[in-house]
Amino acid sequence: MRNTSFIYLWLVPAILLICCGHTNSLSQQGSLLFHHLKLEDGLSELNNEYVYKDSKGFIWISSVTGLNRFDGTNIKKYFPSPKDTLSIFGELVQSPFFEDTLDQLWFTTHDAINCYDRKHDNFHNYPVSKNVVGYHAFYLDPQHDLWFLTDMDTTLYTFNIYSHRIQYIKRLSIPIQRAIAIPDASGQVSRIYAYMQVFPGLEELIIENSKVVEEHILWDDGNKLSIRPKKLVSYKGSILWVVGANELIMYNYIDKSTLHLPMKDILTISAYNDTTLLVSINNQGVYEFDTRSLTFGNQYVFSNHNSLSLLSNQVYFISKDTDEGFWFGSSGIGISYAYTGKKKFNNYNPIPLNDQQNSSFNPMQFILDHSGHLWCNAGFNAGLFELDKTGRIEKKIEGKNTETRKRLNSIANIFEDSKNNFWLSSYSGLSYFSSSFENITHVNSGTDLYGEVLELQDGRLLFSSRAFGLFQMNWNTNSLEQIMPDSLKATYSDVYADHKGRIWASEDYRNIIVLDPATWKSIGKFPNTGAMGSVVESRDGMTTWIASSAGLYDIDSDSLYVRNIYNADDGFPLGLNSMLIDRKNNLWIGSNAGLIVFNPETNTSTIYNYEDGLPATNFNTGAAYQWEDGEMWFGSSKGITKFKPDEIRPINILAIPQITDILVNDQVPVQKLICGETGSTNIPEIIKLTLSYRDNTLTFIVNSLEYSAPKNNKVRYWMEGMDADSIETASGSRIRYTNLPSKKLIFCMQAANSDGKYNPFVRKLAIDITPPYYKTWWFITLTSLALLSLIIYIVYLNFSKKLELQKVRLRLYENLHDDVGSRLTAIVFSADELLHQDKTQNPKIQHISKTARSIVDNMRRLVWAIDPDNDSMNSLAQKIRYDKSLILDDNIQFHLELDEHLSREIVSGEIRYQVTSILNEAMNNISKYAHAKNVWVEFRKKNTMLKIVIRDDGIGFQQEGTGKDKVKASGYGLGNMEKRVSRVKGNLRIESEPGQGTTISIGIPFK
């Protein structure tokens, strides 16, 4: 090896961190939260070296017994099958995954190159020959050549994934099993490093135009230093990190320099980012290793008390996906996975990891003193600490005597007054001391005083007692005086003074009361069950916010009117403990269920928890502090959670919506569903389906493919044409539609990641449910044509009959008019002639003349009714007007009113004949007996009845009897009218009173 220098650097700081911690260090353990996959989750096996996220959003996981596809909810397993030529070839997957431009996946098993055909959810395999095994693919170049090794014959090949041409490159000089490629700027292979795990040596190949131009053997038994590589990582251009048996090696392959870092029990490494490696150390979990300072940072370990920690402290495989997700394989146990973008918060504990079992740090309160020092009440048995801006301990206050130490270890509250005295209330009593923490004065003893301490605007010091109420300090006697006005009859705690000097306090844990400190009278009161955790005022002073165990109170600061209370009904968890307000007026609230951010303008809130990087979900009451630069600190039993609100961002990984399965009529289809557009049989690839009307119940299994916290992912869906609005559900849900109509439908869905951010992309599945034959267009068309033909035929027959009837009516009309009518007229003329000749006016001849005239009149009406030309209502009206001129005296006015809707109606000959006969009879009676001046005739149609009213203003008559007897007994000669009405199935009513005229109402069925 040319110009090789050996640099040995003993990493004392790193080793100290790993082995024993550091007394002035900040513990940042567990800043990533892990989810897990095990056998019970569906993994085929628990040795999982390679993990890949494809362009469709699925996670592919290798194993020694087949292949796994994970969608965030379920795992689908692929195994080899001798009976299925399209199954995976070989069960031991031993290469990374490579995706081509057609979205197909390439990888190698021990037995062959495999290609996953996404379109049909099956596999194709390409072995070099039947005698070659031990395939390991390690790079896919821009020319679509897959570079791979076969360890059986220690040979390097390329395989073109489109032409399927296998190209022999070179037989290697040492036993090999794994390799990595170093690409140039264009993506072409420029170097290859091949090795066999725990076998001495590393083979270096210099590549030009896919040919080996140089070859070197590094660190084999023939060199002064023998290295047995366990894992290689190409890093930042010219650096190669190599894991040896007891060291981590940084090798610069350009200048050939080597840095050996002694480090025992390294299991594997991976690149974390541009400046950091992930280093797995046996039984110690995984460390972040800073490649600039060569020191360790965060440590990720297994914890029995944290379900979101690593599955094991022995991580053998680390894979990084395209979304900065890390997958940690622990052989025989399972996979832990975490996403760096999900982490939003940093947690710090001033107590070193190795001391945390003996020392607790449970920050209960932060105060900044007049000199700019931050003091932290670290909880029971912890004491009082001074911290710097990073959270490191600058000083711990130690008591000089037993009593002082006792009080420092049971602090309930600390406060600095305007005279720079520190007040310490504890479960052992009240004390105060100067800022130098000398000359501590114990005001009293006992457990009666351990609440808040406030300084009023007039300089008085106010103390709350959860047992005896409120007290103030009497400096003359150096003792406390209880405030005992009549208005204060309860105990008070959790006191707060607002910018107006008013005192807010929790009264008996039942109410929140606002007091005037000048009179101690109540000026406001509202119910609040539980503790008043924190009070903050908006930056404009218009709103007072109270975080309590009962919810979040929004109070008008001037009127003390409670505008709103946000509680569980609004998505707020119970137990709000601490609160700060940021520069945008958003509220940050520590609760028993996580950290809440609430936007008062939109009334929306977000809850952050373990999966967002919080060390705990239960924050301490009142333990919150905000620095001038906006950074916030919240205290919990796990230390200090630090963050800047403006830097908290939702995870930027877009979830991919996918349909992972479809059931038809609640069963897996007997035959594969086929995409009507692409021919694909793989459910996630199907975009169009055509189904029979019998297959009208569909169940979709929908998933949001994003893995920072899959159980929090959401899906919203809708069926176009059926659902008025979208419906939100959890990822992995089954969505069932029954009795789908026979028409074209589109099922749509969108996916949201674990932070609730929706991908604007809409996954669509067009569904065409074909109707039964009797609902098809051709059947309906043929049926309609047949029905239309039948109707036309019936109409034709009816028309033919009507035409024939018209012909008969015409012949009858002609015969009656020309023959019968002329003969009757001749009889009338003959009778008149005889009467003229017979001067005696023979009664028989008169009778013959009268009868003949009556028959002629009736015959004329009958002939008129038979004539088809007179079938309209207008003809009937004209006939009535003509007849009245012959019957009524000239001094009687005639009025005919015809409903305009009736004017064009067709009226049968029978009705026209009977109506004209009735009217002639009525007008004849009116002319003879009524002595009327006016006659009115009205025609109306009401529903299916023809209404005719004949009315006069004559002398009328006295009606007798009831019903039909009125007509018969009227003496008016109207009996014939009823007979004629009955012939057309009508009804007749007569109304008359002497001197009131007569009204005849007729109703005839008429359609």
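If you're wondering where the values come from, they're calculated on a predicted model, not measured in any experiment.

Draft legend 1. Structural view of the overall build of the protein. Along the protein, the regular secondary structure elements total eight helices and 70 strands. Burial status across the protein gives 51% buried among its 1007 residues. Of the roughly 47,600 Å² of accessible surface on the protein, a fraction of 50% belongs to carbon and sulfur atoms.

Draft legend 2. Broad picture of the pairing of strand β57 (residues 639–643). The buried fraction of β57 is high, at five of five residues. Sheet topology places strand β30 (residues 346–348) next to β57; three bridges connect them, and they run antiparallel. Bridge assignment links asparagine 346 to a residue of β57, and that residue is lysine 642. As paired elements, strand β56 (residues 632–636) and β57 share five bridges and run antiparallel to each other. Within β57, the position partnered with phenylalanine 634 by the bridge is threonine 641. Between the antiparallel neighbours β56 and β57 lie two residues.

Draft legend 3. Spatial organisation of the packing of helix α5 (residues 873–887) against helix α6 (residues 909–930). For the pair α5 and α6, the least separation of the axes is 10 Å and the interaxial angle reads 25°. As judged from the angle between their axes, α5 and α6 are roughly parallel. Viewed along their axes, α5 and α6 form a crossing whose handedness is right-handed. Between α5 and α6, the residues in contact are Leu876, Lys879, Ile880, Asp883, Lys884 and Ile887 and Arg912, Val915, Thr916, Leu919, Asn920, Met923, Asn924 and Ser927, respectively.

Draft legend 4. Local environment of the sheet that holds strand β60 (residues 698–705). With antiparallel pairing, the three strands of this open sheet are ordered in space as β58-β60-β63. The two strands at the open ends of the sheet, each matched to only one other strand, are β58 (656–664) and β63 (734–737). Pairwise comparison of adjacent strand axes, ignoring direction, gives a mean angle of 25° for this sheet. In this structure, β58 lies alongside β60, joined through eight bridges in antiparallel fashion. Note that in β60 the partner of proline 657 across the bridge is serine 704.

Draft legend 5. Examining the environment of serine 63 more closely. With respect to the helices and strands, the residue serine 63 is situated in strand β4 (residues 59–63). Here the alpha-carbon distance between serine 63 and glutamate 45, two residues 18 residues apart in the chain, equals 5.9 Å. At a separation of 3.0 Å, a polar atom in the side chain of serine 63 contacts the side chain of serine 44.

Draft legend 6. Main features of the sheet that holds strand β33 (residues 384–387). On the basis of which strands lie adjacent, the open sheet formed by four strands has the order β31-β32-β33-β34 and antiparallel pairing. Pairing within the sheet leaves two strands with one partner each, and these edge strands are β31 (365–368) and β34 (393–397). Ignoring strand direction, the axes of neighbouring strands in this sheet form an average angle of 25°. As defined by bridge partners, β33 adjoins β34 across four bridges and the pair is classed as antiparallel. By the bridge assignment, phenylalanine 385 is partnered in β34 with lysine 396.

Draft legend 7. Local environment of the pairing of strand β47 (residues 532–537). Counting buried residues in β47 gives six out of six residues, a clear majority hidden from the surface. The pairing of β47 with strand β48 (residues 543–548) spans five bridges and is antiparallel. By the bridge assignment for β48, methionine 532 is matched with serine 548. Hairpin remark: β47 followed by β48, antiparallel, with five residues in the connecting loop; positive phi at glycine 541, about 75°.

Draft legend 8. Fine view of a nonpolar patch on the surface. Judged by side-chain polarity, Tyr773, Tyr774, Trp777, Trp778, Leu782, Leu785, Leu788 and Ile792 come together as a nonpolar surface patch covering roughly 940 Å² of accessible area. Position of leucine 782 relative to the elements: it lies in helix α3 (residues 777–837). By relative accessible area, leucine 782 is classed as exposed at 52%.

Draft legend 9. Layout of the nonpolar core. Residues Phe939, Ile950 and Ile1002 are the most contacted members of the largest nonpolar core, which totals 36 residues. Elements represented by at least two residues in this core include exactly α5, β66 (893–898), α6, β67 (934–942), β68 (945–952), α8 (975–983), β69 (987–992) and β70 (998–1005). Among the elements that make up this core, the one with the highest residue count is α6 (eight residues). Core analysis: the second largest hydrophobic core is formed by 29 residues, Val51, Tyr78, Val93 and Leu105 among them.

Draft legend 10. Structural context of unusual backbone geometry. Positive phi values are uncommon outside glycine, yet aspartate 103 reaches one of about 70°. For aspartate 103, a relative accessible area of 24% gives the class partly exposed. The backbone phi angle of serine 210 is positive, close to 65°, even though this residue is not glycine. By the element assignment, serine 210 lies in the loop between β17 (202–208) and β18 (211–218).

Draft legend 11. Spatial organisation of the confidence of the model for the protein. Predicted confidence across the protein gives a mean pLDDT of 85, with 86% of residues reaching 70 or more. Low confidence marks residues 1–30, where pLDDT is under 50. Its contacts with residues over four positions away, or in another chain, come to 72 contacts. Counting contacts from residues 962–972, a segment whose pLDDT is below 50, to residues more than four positions away or on other chains yields 17 contacts.

Draft legend 12. A look at the pattern of salt bridges. Using the criterion set out here, one finds 33 salt bridges in the structure. Its salt-bridge partner being aspartate 755, residue lysine 344 comes within 2.7 Å of it at the nearest N-O pair. With lysine 344 in the loop between β29 (334–339) and β30 and aspartate 755 in the loop between β64 (744–752) and β65 (763–770), the pair connects residues that are 411 residues apart, well separated along the chain. Linked by salt bridges that have partners in common, Lys342, Lys344, Asp612 and Asp755 make up one network.

Draft legend 13. Structural context of α5. In this model, α5 (15 residues) spans 21 Å end to end at C-alpha, consistent with the 21 Å of a helix rising 1.5 Å per residue. Buried within α5 are the following residues: Met873, Ser875, Leu876, Ala877, Lys879, Ile880 and Asp883.

Draft legend 14. Examining the packing of aromatic side chains more closely. Tallied over the entire structure, the rule returns 56 aromatic pairs. Each ring, one from tyrosine 126 and one from phenylalanine 159, has its centre 5.2 Å from the other, and the planes form 40°; the classification is tilted. Of this pair, tyrosine 126 sits in strand β10 (residues 122–126) while phenylalanine 159 is found in strand β13 (residues 155–160), placing the two residues 33 residues apart along the sequence. Judged on exposure class, the residue tyrosine 126 and its partner phenylalanine 159 are both buried. On the basis of an interplanar angle of 55° and a centroid distance of 5.2 Å, the ring pair of phenylalanine 380 and tyrosine 427 is categorised as tilted. Placement of phenylalanine 380 in the loop between β32 (374–377) and β33 and of tyrosine 427 in the loop between β36 (421–426) and β37 (429–434) is noted, with a sequence separation of 47 residues between them. With a relative accessible area of 45%, phenylalanine 380 lands in the partly exposed category. Linked through ring pairs, Tyr52, Trp60, Tyr78, Phe97, Phe107, Tyr116 and Phe123 together constitute an aromatic cluster. A cation sits over an aromatic face here: arginine 69 above phenylalanine 58, 4.2 Å from the ring centre. Taking NZ or CZ as reference, lysine 389 lies 5.1 Å from the ring centre of tryptophan 627, over its face.

Draft legend 15. View of α6. Taking 1.5 Å of rise per residue, the 22 residues of α6 would be expected to cover 32 Å, and the 30 Å separating its terminal C-alpha atoms lies within 8% of that figure. In terms of residue burial, α6 counts as a mostly covered element, since 17 of its 22 residues are buried. At the exit of α6 stands histidine 931, carrying a positive phi of roughly 55°.

Draft legend 16. View of the environment of isoleucine 217. Along the polypeptide, isoleucine 217 turns up in strand β18. With relative accessibility at 26%, the residue isoleucine 217 sits in the partly exposed group.

Draft legend 17. Highlighting the packing of α6 against α8. At a minimum axis separation of 9 Å, α6 and α8 run at an interaxial angle of 165°. Put simply, α6 runs roughly antiparallel to α8. α8 is crossed by α6, and the crossing has left-handed handedness. Contact residues: Glu910, Tyr913, Gln914, Ser917, Ile918, Glu921, Ala922 and Asn925 in α6; Asn976, Met977, Arg980, Val981 and Arg983 in α8. Tallied by class, the residues present in the contact of α6 with α8 amount to five nonpolar, four polar and four charged.

What counts as what
- Residues numbered from 1 in each chain as written.
- Predicted model: local features only at pLDDT ≥ 70, side-chain atom pairs only at ≥ 80, totals over all residues.
- Heavy atoms only, no water.
- Helix = DSSP H or I, 4+ residues; strand = E, 2+ residues; numbered from the N terminus.
- Buried < 20%, exposed > 50% of the residue type's maximum accessible area, 1.4 Å probe, protein only.
- Areas by Shrake-Rupley, 256 points an atom, 1.4 Å probe, with all protein chains shown as cover.
- Pairing = 2+ DSSP bridges.
- Axes fitted to C-alpha atoms, helices over the stretch in contact; angles between N-to-C directions.
- Parallel < 35°, antiparallel > 145°, perpendicular 65-115°, else oblique.
- Left-handed = near helix turned anticlockwise from the far one by under 90°.
- Contact = heavy atoms within 4.5 Å.
- Polar contact = N/O pair within 3.5 Å; in protein donor to acceptor, adjacent residues only side chain to side chain.
- Patch = residues over 30% accessible without salt bridge, like charges linked within 9 Å, V, L, I, M, F, W, Y side chains within 5 Å.
- Salt bridge = Lys/Arg side-chain N within 4 Å of Asp/Glu carboxyl O.
- Core = buried A, V, L, I, M, F, W, Y, C linked by side-chain atoms within 4.5 Å.
- pLDDT = per-residue confidence, 0-100.
- Expected span 1.5 Å × (residues − 1).
- Phe/Tyr/Trp six-rings, centres within 6.5 Å; stacked < 30°, edge-to-face > 60°.
- Lys NZ or Arg CZ within 6 Å of the ring centre and 35° of its normal.
- Nonpolar A, V, L, I, M, F, W, Y, C, P; charged D, E, K, R; others polar.

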